[in-house]
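Spelled out from the first residue to the last, the chains are:
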Amino acid sequence: MQTDFLVIGSGIAGLTYAIKVARACPDKKVLIVTKTNADETNTKYAQGGIAVVNDLEKDSYDKHIEDTLIAGDGLCNETIVDLVVKEGPERVQEIIEWGARFDKDADGDYALGKEGGHSEKRILHHKDVTGAEMERALLETLRQCRNVELVNHYFVVDLITQHHFGYLVTKATPDIQCYGVYALNLHTNQIDVLQAGVTLLATGGNGQVYRTTTNPSIASGDGVAMVYRAKGRIENMEFIQFHPTALYQAGQKGQAFLVTEAVRGDGGILRNHQGEAFMERYDERKDLAPRDIVARAIDSEMKINGTEHVWLDCRHIPLPQFLHHFPNIYEKCKSLGIEVEKDMIPVAPAAHYSCGGIKTDEWGRTSIRNLYAAGECASTGLHGANRLASNSLLEAMVFAHRSFLDSTSVVQQSTLSRPHLPEWNAKGTGMPREMILITQSLKELQQVMSDYVGIVRNDVRLQRAMKRLDLLWEETEALYRSSVISPQIMELRNMITVGYLITKGAAFRKESRGLHYNTDYPEKSTLLQNIVL
Ligand code: FAD
Ligand code: SIN
C-alpha cells in the first residue's frame, strides 16, 4: 500500500496532523492507522483540560512559561516552552472552530480550572471529560476530509529503513531514512508493507509498563520501541510522571480511573489515615504543589502508615458545584458506593505520563529522515524533568501543527523517489504454543517496574530491575523469533524495551530531579543534562 502521509495513531496528535495535511494537500493521500478502535486513546481519557493563556489582562505568557519551567526543574528547552505557550492559543482556537466545546461561566466567558503548579486559573475544560470531547470533535472534522483513510485494528510492527535493504544501520549511521512501516492487519492477519512519503508517529504513552496506570491498554510505548530498534534517538525516559490521585480499588491492576487534579483545584484536600491534611508538611503550595511533590508525599504517607491509599476529601465542596464540574467522577464514585458529599475518596498514585520519548526538534523532526513524532511519544523539550499539568494536549496540538508545516514540502520530494520495499520475512515462525508465557512475562515486567523503578528509586533497585529485564528480554526474543507476529507478543517486546530505556535512563542519572528521585543521590547535580539513548 502506498500513501503520501502515513499517520500512526488517532489521538489528538495524529488526528490534528492528519486534518491539517489533508486540507493543505487535497491531491495527496493520507492514511491513519490505529491499533484498536479509533477513539481508544489516552486522549479520550483526559479529564482536567488544556492549559492555555486565555485572557492577557488576567494571565500572561510569562507566567505560563515560568510555571512550566519551574515544574520542569531545570531541564526544559526554553525556546520550546516559549513557542508552545505563545502558539498554544491559536491551536486551541482552531479546535474550537472544529467543534470542540469548552465550559463557560454565567457571563459567557470560559470557565477556567486550576491544577497543580499553575499560578493562575487557565485550564479550559469540558466538564471532567475534556479529552473525549476533543477526540469527538477531531474525528468528526476528519470525516469531512475526502483524501483521508482511517483504518482501525492495524498494528504497526516496525519502521522500514535502509536496514531492510541489507545495509548495516547503527546509531552512528548519519542518514537513516524511513520509507514506511510493516503493519499487521488484524482483519486479515497479514503483515502489509505500508510505503509512505512521510510518516508521523503519534503512538502515545507507555503507562502499561507499570502495574497500575491511568492509561488504557493501548499505551505500550510502541513508537518509542520502534524508533529505538531503528537506531533513532530517544531521550529522558526516566521521567515517568505518576499522577497522585488515581481512584484506589483494592486488588485492581491495569487501568485505574483518574480523579482529576482539578478536584484539588476546586478545593479537594488530601488526608492520611489519621485524617491529617498532610500536604502542609511537604510544600507550601499544599495540595496544589507540582505532581512529583504530591505523588512522593502520598507515597511517603502510605509507607509510613502501611496503607495502600490516602483519602481525597471533597465533603466541603458544595454538591451542586462538584456535580457541575465533575459529573463523571461523581457517577463513578457513586457506582462504587462512595458518596462524595459524605465519604472521602480513596486515592493512590498511578503511572500517568511519559515526559521523555522520541527526540524531536522544533519542527517535530526525529533523528530519522522523513519520520516525525508528536504527542506523548515525543520528547520535544517542553516538559524537562516534570510536565506541568494539562500541558500535554497543548503540546500535541502545537507539534502536530509544526510537523504539518515542515512535512508538506518534504513529502513532495520523498514521494518522487520510491524504492521497492521488501516483504515481511516470517520464515521459521509458528503459532505460539502457550499464550500464558506472554501474559506471565507482562505481569513480571509490570511488577519489576513498579517495585524497582517507581516513584522512589535507588541504585540497588535499579540494578535488580536491569538484571530481571535482561532475562525477560532474552526469553521474549526467543519467543518472538519463533512465533507468528501477534499484538500481544509485539506489545510485550515493546514494553520490555521501554522498561529497559526507563531503567537505563534512571541508572545514568546520578541525581534527583523532577520526577526522578534516587535516595542514593537526593540532591540535584550542577550538570544539566538530557540523557539520550
Ligand atoms: P494517544 O491519544 O494515546 O493516541 C495514541 C494512538 O496511537 C492510539 O490511536 C493508538 O491506537 C495508536 N497506536 C499506538 N501504538 C500503535 C501501533 N503499534 N500501531 C498502530 N497504532 C498504534 N493531558 C492534558 O494535557 N490534560 C489533561 O487533562 C489530561 N488528562 C489525562 C487523563 C488521563 C486519564 C490520561 C491517561 C492522560 C491525560 N493527559 C492529559 C495526557 C494526555 O491525554 C495524553 O498525553 C495525550 O492525549 C496523548 O495524545 P497522543 O495523540 O500523543 O496519543
Ligand atoms: C488531570 O486531570 O489531573 C490530568 C491532567 C494532566 O495529566 O495533565
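Before reading on, note that the structure itself is shown above.
Here we summarise the structure given alongside this text. (Residues numbered from 1 in each chain as written. Chains lettered and ligands numbered in written order. Predicted model: local features only at pLDDT ≥ 70, side-chain atom pairs only at ≥ 80, totals over all residues. Heavy atoms only, no water.)

Check the secondary structure of the protein and you find 14 helices and 18 strands. Taken over the C-alpha trace, the protein has a radius of gyration of 22 Å; the compact-globule value for 533 residues is 24 Å, and the two agree within 12%. Based on the C-alpha atoms only, the size of the protein along its principal axes is roughly 65 × 50 × 50 Å. Residues counted as buried form 61% of the 533 residues belonging to the protein. For the protein, contacts bridging at least 24 residues in sequence account for 75% of all contacts bridging at least 6. As displayed, the protein offers around 21,100 Å² of accessible surface, 50% of which is attributable to carbon and sulfur atoms. Treating the 58 positive side-chain charges of the protein as one cloud and the 68 negative ones as another, the clouds have centres 4 Å apart. (Helix = DSSP H or I, 4+ residues; strand = E, 2+ residues; numbered from the N terminus. Rg over C-alpha atoms; globule rule 2.2 N^0.38 Å. Buried < 20%, exposed > 50% of the residue type's maximum accessible area, 1.4 Å probe, protein only. Contact = heavy atoms within 4.5 Å. Areas by Shrake-Rupley, 256 points an atom, 1.4 Å probe, with all protein chains shown as cover. Lys, Arg positive; Asp, Glu negative; His and termini not counted. Charge placed at Lys NZ, Arg CZ, Asp CG, Glu CD.)

Right, let's get into the side chain of Asp4. Residue placement: Asp4 occurs in strand β1 (residues 2–8). Residue Asp4 is classed as buried on the basis of its relative accessible area of 10%. In this structure the side chain of Asp4 is engaged in a polar contact, spanning 2.7 Å, whose partner is the backbone nitrogen of Lys29. (Polar contact = N/O pair within 3.5 Å; in protein donor to acceptor, adjacent residues only side chain to side chain.)

How two aromatic rings sit relative to each other is given by the distance of their centres and the angle of their planes. Summed over the entire model, instances satisfying the criterion amount to 7 aromatic pairs. Centroid distance Tyr228 to Tyr500: 6.4 Å. Interplanar angle 55°. Geometry classified as tilted. Taken together, the residues span a long stretch of sequence, with Tyr228 in helix α6 (residues 222–229) and Tyr500 in helix α14 (residues 487–508) at a distance of 272 residues. The class of Tyr228 is partly exposed, set by a relative accessible area of 21%. Judged by relative accessible area, Tyr500 falls into the partly exposed class, the value being 22%. The interplanar angle of 85° and the centroid separation of 6.1 Å between the aromatic rings of Phe278 and Tyr282 together place this pair among those described as edge-to-face. (Phe/Tyr/Trp six-rings, centres within 6.5 Å; stacked < 30°, edge-to-face > 60°.)

Its 14 residues give helix α5 (residues 130–143) an end-to-end C-alpha distance of 20 Å, which sits within 8% of 20 Å, the value for a rise of 1.5 Å per residue. Taken together, the buried positions of α5 are occupied by Thr130, Gly131, Glu133, Met134, Glu135, Ala137, Leu138, Leu139, Thr141 and Leu142. (Expected span 1.5 Å × (residues − 1).)

Take the sheet that holds strand β16 (residues 357–359) next. Spatial ordering of the open sheet is given by β10-β16-β18, a layout of 3 strands whose pairing is mixed. Each having just a single partner strand, β10 (234–235) and β18 (378–379) make up the two edges of the open sheet. Taken together, the 2 bridges between β16 and β18 define a ladder with parallel strand orientation. If you follow Lys359 over to β18, its bridge partner there is Ser379. Each of β10 and β16 is contacted by α6, which is oriented at about 45° to β16, the strand it contacts most. (Pairing = 2+ DSSP bridges. Axes fitted to C-alpha atoms, helices over the stretch in contact; angles between N-to-C directions.)

Take the nonpolar core next. Counting 69 residues, the largest nonpolar core has Val33, Leu159, Tyr210, Val453 and Ile502 as its most contacted members. A per-element tally of this core places α14 first, with 9 residues. Every residue in contact with Val453, bar those within four places of it in the chain, is listed here: Tyr210, Val448, Leu462, Ala465, Ile502, Thr503 and Ala506. With 54 residues, the next largest nonpolar core counts Ala22, Ala100, Cys145 and Tyr372 among its residues. (Core = buried A, V, L, I, M, F, W, Y, C linked by side-chain atoms within 4.5 Å.)

This part covers the site of ligand 1. What surrounds ligand 1 is a group of 37 residues, the closest being Thr43, Gly49, Val156, Asp222 and Glu376. Within the contact set of ligand 1, a nitrogen atom lies 3.3 Å away from a backbone nitrogen or oxygen of Gln47. A distance of 2.9 Å is found between an oxygen atom of ligand 1 and a backbone nitrogen or oxygen belonging to Leu393. Out of a free accessible area of 1,000 Å², ligand 1 has 98% covered by protein chains. Mapped by element, the contributors of at least two residues to the shell around ligand 1 are α1 (12–24), α2 (42–45), β6 (154–160), β15 (345–354) and α11 (392–416). By residue class, the composition of the shell around ligand 1 is 14 nonpolar, 19 polar and 4 charged. (Near = heavy atom within 4 Å. Nonpolar A, V, L, I, M, F, W, Y, C, P; charged D, E, K, R; others polar.)

Turning our attention to the packing of helix α12 (residues 435–452) against α14. One can describe the packing of α12 onto α14 by two numbers: an axis separation of 10 Å at closest approach and a directional angle of 20°. In terms of orientation, α12 lies roughly parallel with respect to α14. Read as a crossing pair, α12 and α14 show a hand that is left-handed. Residues Met435, Ile438, Ser441, Leu442, Leu445 and Met449 of α12 pack against Gln488, Ile489, Leu492, Met495, Ile496, Gly499, Ile502 and Thr503 of α14. Here the residues of the contact of α12 with α14 sort into 10 nonpolar, 4 polar and no charged. (Parallel < 35°, antiparallel > 145°, perpendicular 65-115°, else oblique. Left-handed = near helix turned anticlockwise from the far one by under 90°.)

To continue, consider the site of ligand 2. Neighbouring ligand 2 are the residues Gln47, Gly48, Glu115, His243, Leu258, Thr260, Glu261, Arg291, His352, Arg387, Ala389 and Ser390. At 2.7 Å from an oxygen atom of ligand 2 is found a side-chain nitrogen or oxygen belonging to His352. One of the backbone nitrogen or oxygen atoms of Ser390 is found 2.6 Å away from an oxygen atom of ligand 2. Protein chains shield 93% of the accessible area of ligand 2, which is 260 Å² for the free molecule. Considered class by class, the residues forming the shell around ligand 2 number 2 nonpolar, 6 polar and 4 charged.

A few words now on the packing of α1 against α5. It is at 10 Å that the axes of α1 and α5 come closest, and there the two elements cross at 25°. One way to sum up the angle between α1 and α5 is to call them roughly parallel. Where α1 crosses over α5, the handedness of that crossing is left-handed. Between α1, through Ile12, Leu15, Thr16, Ala18, Ile19 and Arg23, and α5, the contact on the second element is made entirely by Met134, Glu135, Leu138, Leu139, Thr141 and Leu142. Looking at the contact of α1 with α5, its residues break down into 8 nonpolar, 2 polar and 2 charged.

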